[in-house]
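Below are the chains, spelled out letter by letter.
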Amino acid sequence: MDNELATEQEAEESHRQDSVSLLTFILLLTLTILTIWLFKHRRVRFLHETGLAMIYGLIVGVILRYGTPSTSGHDKPFSCSQEDRPFTTLLVNVSGKFFEYTLKGEISPGKIHNVEQNDMLRKVTFDPEVFFNILLPPIIFHAGYSLKKRHFFRNLGSILAYAFLGTAVSCFIIGNLMYGVVKLMKLVGQLSGKFYYTDCLLFGAIISATDPVTVLAIFNELHADVDLYALLFGESVLNDAVAIVLSSSIVAYQPTGENTHAFDAAAFFKSVGVFLGIFSGSFMMGAVTGVVTFTKLHCFPLLETALFFLMSWSTFLLAEACGFTGVVAVLFCGITQAHYTYNNLSVESRSRTKQLFEVLHFLAENFIFSYMGLALFTFQKHIFSPVFIIGAFVAIFLGRAAHIYPLSFLLNLGRRHKISWNFQHMMMFSGLRGAMAFALAIRDTATYSHQMMFSTTLLIVFFTVWIVGGGTTPMLSWLNIRSVCNCMLGKTPFSGGNLRSPTELDGPDSERRNRTKQESAWLFRLWYSFDHNYLKPILTHSGPPLTTTLPSWCGLIARCLTSPQVYDNQEQLREEDSDFILNDGDLTVTYGDTTITANGSSGPHTATTSLDGRRTKSSSEEALERDLGAADHEVTSRGTRLVFPLEDNA
């Protein structure tokens, strides 16, 4: 009877500690939100919300580590010398009663008597799968669902080069440099465990995942250059997907023979095949899932939003269950759903889905950064090596430099609008590490090398978010990268950067209205024609009817595949970017009763004036600009319309 009562009390105490641990994180997020509001009210930009979350996590971690007493007794070790591997689950017979125990991890012999006995610290240490299956999907999906297609596709070739080739270059440079650091540590006696070449490459893949969330937030607030924003955002979105697939390929590297960590050509090409197979399979699964999310629940927006949410999240879990990568799948699912499914949703569901995933993204991201601060003190297997940490910072700097500058030089050979040196320096500076690097590092901390990589990754994230992220605004000023806010305050003449005076808009650029179409990557222009004429009418309620694009002998098939609403919608449904960033083709000039836009059209006033009215667009050109978000905009900044007074002699 006494034993049963003690068991019930332990269960009640465990439940109470679970509630306290979850309440701790909720209070952290609440405090972060209130501080963010204060910072926005005071226009403080030196510290981003993620940096705040990390600071609060550190404070709570110190309190939990050193301010709470031990609550459990010492564990008694048992010897199982006949077994050569640990058991995941262990059944123990105690006086005829069987108890189940699960594996927590390996403990080094020197720390067998220093095992942390604080149950609260154990409660706030989450299973790594929580990050991958619950917290990462909304972050990655939101990146794809809110993608600014207009600027993304205009720089698609450069973004793909930075994300794929650049990440691979960075991974191998960091991996090889760190292998030299490991050899040095072994030479000076600073290495007390096994650290193989494949571990160094894995660290290179993990730490190559960039997350410039702080920089992008400041860019968005200051309305910095759209091409620079698109390059950084596009690289970070695809870079996460490439990094996780690359790490999976390195883990799959298994040479034949006695030395399983030596170089083997067959194993290398097998890993390359694994990379291509996982990435392409995940891409196809995400795209197909996004396409088949075809809801017809317009009369029930709540059910429609719920179905959309579940289909999006299930894409991640389906890919993981099939052996692919959920990060890649959910990213391209978000991009596909923003392009197709979004047009089929009701007006209420469009607003709800954008707001839902924006809130989930915000909470999940700040939760992860709060946990980072907490993990610095609550994680019980930290291995900090000064030599390895310093070497990692040097390797990251050199890897980023080898990633940005040579690729920018090669890309500028074929770009109409070159990537300037100032932009390259800013991209070099903006290589922050964040949630993805942390999630990849914490996923496996079972060995000595992985524990050292996790501890080092944590410090790198802290440094880049606080120091590099906090220096974004001064760096923009030092590099003379102009922004709309500076222009509006009179700090920068309109003749430079992204903005130009209205008189400069009229001149040799007679094709200004087609700038977006011409500057979009040729691959996208080729794809767009097929997508606009054939896929959009089938998968959405927009686009020209297939009866007008297919040959006449396909009339029956065209009528069956075309959505009936297409015939009713004479105008295309427009897909808006969630956050508008100013471009020089979007300036609105108001003079008298006439509103003139820099892309050559006038507003609905009494007079009609165009800065460039010598050419009439075809319907396909208009559709392309409309889908890319290049239609007329009235620019607003903090509720005030941007108006340029014209000279009397203009």
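Residues numbered from 1 in each chain as written. Predicted model: local features only at pLDDT ≥ 70, side-chain atom pairs only at ≥ 80, totals over all residues. Heavy atoms only, no water.

**What about the packing of helix 2 (residues 49-66) against helix 17 (residues 448-470)?**
To keep things clear, this is the line we draw: The convention used is that axes are lines fitted to C-alpha atoms, helices contributing only their stretch in contact, and that angles between N-to-C directions extend from 0 to 180 degrees. Put simply, DSSP H or I for four residues or longer makes a helix, DSSP E for two residues or longer makes a strand, and each gets a number counted from the N terminus. Comment on the angle field: the value is read as roughly parallel under 35 degrees, roughly antiparallel over 145, roughly perpendicular from 65 to 115, and oblique elsewhere. Definitions for this section: a left-handed crossing has its near helix turned counterclockwise from the far helix by less than a right angle. A right-handed crossing has that turn clockwise. Two residues qualify as a contact provided that any one of their heavy atoms is within 4.5 Å of a heavy atom in the partner residue.
Two elements in contact, helix 2 and helix 17, have axes separated by 9 Å at closest approach and are oriented at 130°. Comparing their axes, helix 17 and helix 2 come out oblique. The interaxial crossing formed by helix 2 with helix 17 has left-handed handedness. Residues Thr50, Gly51, Met54, Ile55 and Leu58 of helix 2 pack against Val461, Phe462, Val465 and Trp466 of helix 17.

**Quick notes on the pairing of strand 2 (residues 97-102)**
Stated precisely, the cut-off is as follows: In this scheme, a residue with accessible area under 20% of its type's maximum is buried, one over 50% is exposed, and one in between is partly exposed, where area comes from a 1.4 Å probe on protein chains only. A pair of strands is treated as paired once DSSP finds two or more bridges between them.
Among the six residues in strand 2, zero count as buried, and that is only a small part of the element. Two strands pair when backbone bridges link them, and strand 1 (residues 89-94) and strand 2 are joined in this way by six bridges, in the antiparallel orientation. Counted as the bridge partner of Asn93 is Phe98 from strand 2. Hairpin remark: strand 1 followed by strand 2, antiparallel, with two residues in the connecting loop; positive phi at Ser95, about 55°.

**Regarding unusual backbone geometry**
For Asn480, which is not a glycine, the phi torsion comes out positive at approximately 60°. For Asn480, the location among the structural elements is in the loop between helix 18 (472-478) and helix 19 (484-488).

**Looking at the side chain of Asn412**
Tracing the backbone shows Asn412 in helix 14 (residues 386-412). By relative accessible area, which is 15% here, Asn412 ends up buried. Those residues in contact with Asn412, other than ones at most four positions away along the chain, are Lys418, Ile419 and Gln424.

**As for a nonpolar patch on the surface**
Our working definition: Surface patches are drawn from residues lacking salt bridges whose relative accessible area is over 30%; two like charges belong together within 9 Å, two nonpolar side chains (Val, Leu, Ile, Met, Phe, Trp, Tyr) within 5 Å. We get accessible surface area from the Shrake-Rupley algorithm with a probe of 1.4 Å; when it comes to residues, only the shown protein chains can shield them. Only one rule defines a salt bridge in this text: a Lys or Arg side-chain nitrogen within 4 Å of an Asp or Glu carboxyl oxygen.
Residues Phe172, Phe268, Phe269, Val272 and Leu276 make up a contiguous nonpolar surface patch of roughly 470 Å² in combined accessible area. With four residues, the top contributor of residues to the nonpolar patch is helix 10 (residues 265-292). Since its relative accessible area comes to 36%, Val272 is described here as partly exposed.

**A word on the environment of Arg559**
Take Arg559: it is sitting in helix 24 (residues 555-561). The exposure class assigned to Arg559 is exposed, which follows from its relative accessible area of 53%. Distance from Arg559 to Pro545, taken between C-alpha atoms, is 8.2 Å for residues 14 residues apart in sequence.

**Concerning the pattern of salt bridges**
Side chains bearing opposite charge may pair, as long as their charged atoms lie close to each other. Considering all chains together, one arrives at three salt bridges under this definition. Put simply, Glu129 and Arg443 hold a salt bridge, and the shortest N to O gap is 3.7 Å. Of the two residues, Glu129 is situated in helix 4 (residues 128-145) and Arg443 in the loop between helix 16 (435-442) and helix 17; the sequence distance between them amounts to 314 residues. On the accessibility criterion, Glu129 (32% relative accessible area) is partly exposed. Classification of Arg443 by relative accessible area gives partly exposed; the value is 34%. Among the salt bridges present, the one from Arg443 reaches Glu320, with a minimum N-O distance of 3.9 Å. Here the residue Arg443 occupies a position in the loop between helix 16 and helix 17, and Glu320 occupies one in helix 11 (residues 301-321), the gap between them amounting to 123 residues. Given the relative accessible area of 25%, Glu320 is considered partly exposed.

**What to know about the confidence of the model for the protein chain**
Selection rule: Scored between 0 and 100, pLDDT is the confidence that the predictor attaches to each residue.
Mean pLDDT over the protein chain works out to 75, with 70% of the residues at or above the 70 mark. At the low end of the mean pLDDT range in the protein chain sits helix 20 (residues 502-505), at 36; at the high end sits helix 14, at 94. The model gives residues 487-513 a pLDDT under 50, and that stretch makes 57 contacts with residues more than four places away or in other chains. In the model, residues 570-621 has pLDDT below 50 throughout and makes 149 contacts with residues more than four positions away in sequence or in other chains.

**Considerations on the packing of helix 6 (residues 156-187) against helix 9 (residues 226-251)**
Heads up, the condition is: Note on residue categories: nonpolar means Ala, Val, Leu, Ile, Met, Phe, Trp, Tyr, Cys or Pro, charged means Asp, Glu, Lys or Arg, and polar means any other residue, Gly included.
Where helix 6 contacts helix 9, the two axes come as close as 8 Å, and the packing angle between them is 40°. Here helix 6 is positioned oblique relative to helix 9, judged by the angle of their axes. Classified by chirality, the crossing of helix 9 by helix 6 is right-handed. On the side of helix 6, the interface is formed by Ser158, Ile159, Leu160, Tyr162, Ala163, Phe164, Thr167, Ala168 and Cys171, while helix 9 contributes Ala230, Leu231, Gly234, Glu235, Leu238, Asn239, Val242, Ala243, Leu246 and Ile250. Split by residue class, the contact of helix 6 with helix 9 holds 14 nonpolar, four polar and one charged.

**Comments concerning the packing of aromatic side chains**
Filter applied, for reference: Working definition: rings of Phe, Tyr and Trp (its six-membered ring) pair if their centres are within 6.5 Å, and the pair is stacked with planes under 30 degrees apart, edge-to-face with planes over 60 apart, and tilted otherwise.
Under the defined criterion, the tally for this structure stands at 26 aromatic pairs. Geometrically, the ring pair formed by Tyr179 and Tyr197 is edge-to-face, given 5.1 Å between the ring centres and 80° between the ring planes. Of this pair, Tyr179 sits in helix 6 while Tyr197 sits in helix 7 (residues 197-207), placing them 18 residues apart in sequence. We classify Tyr179 as partly exposed; its relative accessible area is 28%. Plain terms: the ring middles of Phe393 and Phe463 are 5.2 Å apart, the flat faces sit at 80° to each other, and that makes the pair edge-to-face. With Phe393 in helix 14 and Phe463 in helix 17, the pair connects residues that are 70 residues apart, well separated along the chain. Given a relative accessible area of 28%, Phe393 falls into the partly exposed group. For Phe463, a relative accessible area of 37% corresponds to the partly exposed category.

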